[in-house]
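What follows is each chain in one-letter form.
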Amino acid sequence: MIDSKPDPKGENATTSGPTRFGGLDQVDWLMIAISVLLGTVAKQHHFLDLSDQFLEWVLPFLLMVAGYRTRRKVKELIESWRAKAKSPSSE
């Protein structure tokens with residue numbers, strides 16, 4: 001029988017799904033799923049006549065890198081907007 005008592009951290013011991021892999025949130029999982037999906041679709045349609053291995057491995061990796069860079073830039077923009085909103089205006 002599976003014991004569903006909470007562990008010392010207060011989490012359920014029978015946690016399943018993406019929450020088991022710490023450090024990845026929903027946006028990370030979404031980026032991974034989209035990258036793999038786009039790589040698969042590009043392979044099926046022979047995107048730009050590139051090799052299958054490139055489309056299976058390199059393209060999803062490059063999409064993940066682009067996703068993380070975009071996410072970091074958006075986070076920086078949001079933080080700068082919040083900092084400007086918190087600072088008193090000189091009017």
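Residues numbered from 1 in each chain as written. Predicted model: local features only at pLDDT ≥ 70, side-chain atom pairs only at ≥ 80, totals over all residues. Heavy atoms only, no water.

Let us look at the overall build of the protein chain. When you go through the protein chain residue by residue, the secondary structure sums to two helices and zero strands. When burial is assessed residue by residue, the protein chain has 11% of its 91 residues classed as buried. Here the contacts in the protein chain between residues at least 6 apart in sequence split such that 40% fall between residues at least 24 apart. Per element, the accessible surface of the protein chain, about 8100 Å² overall, is 62% carbon and sulfur. (Helix = DSSP H or I, 4+ residues; strand = E, 2+ residues; numbered from the N terminus. Buried < 20%, exposed > 50% of the residue type's maximum accessible area, 1.4 Å probe, protein only. Contact = heavy atoms within 4.5 Å. Areas by Shrake-Rupley, 256 points an atom, 1.4 Å probe, with all protein chains shown as cover.)

A separate point is the environment of Leu37. Of note, Leu37 is situated in helix α1 (residues 26-44). In this structure, the C-alpha to C-alpha distance between Leu37 and Glu56, residues 19 residues apart in sequence, is 9.8 Å.

At a minimum axis separation of 8 Å, α1 and helix α2 (residues 52-86) run at an interaxial angle of 150 degrees. Every pair of crossing elements has a handedness; the one defined by α1 and α2 is right-handed. Between α1, through Val27, Asp28, Met31, Ile32, Ser35, Leu38, Gly39, Ala42 and Lys43, and α2, the contact on the second element is made entirely by Asp52, Leu55, Glu56, Leu59, Pro60, Leu63, Met64, Gly67, Tyr68 and Arg71. Looking at side-chain class alone, the contact of α1 with α2 contains eleven nonpolar, three polar and five charged residues. (Axes fitted to C-alpha atoms, helices over the stretch in contact; angles between N-to-C directions. Left-handed = near helix turned anticlockwise from the far one by under 90°. Nonpolar A, V, L, I, M, F, W, Y, C, P; charged D, E, K, R; others polar.)

Let's shift gears to the side chain of Asp28. Take Asp28: it is sitting in helix α1. Owing to a relative accessible area of 5%, Asp28 belongs among the buried residues under this scheme. If near-sequence neighbours (up to four positions away) are discounted, Asp28 is found in contact with Gly23, Tyr68 and Arg71.

Take α2 next. With 35 residues, α2 should reach 51 Å at 1.5 Å per residue; the first-to-last C-alpha distance of 50 Å fits that figure. Most pronounced at Val58, the bend in α2 amounts to some 30 degrees, and the proline Pro60 follows within four residues. Among all positions of α2, only Leu55, Leu59, Pro60, Met64 and Gly67 are buried. Against α1 lie the buried residues of α2. (Expected span 1.5 Å × (residues − 1). Bend = angle between axes of the 7 residues up to and from the residue.)

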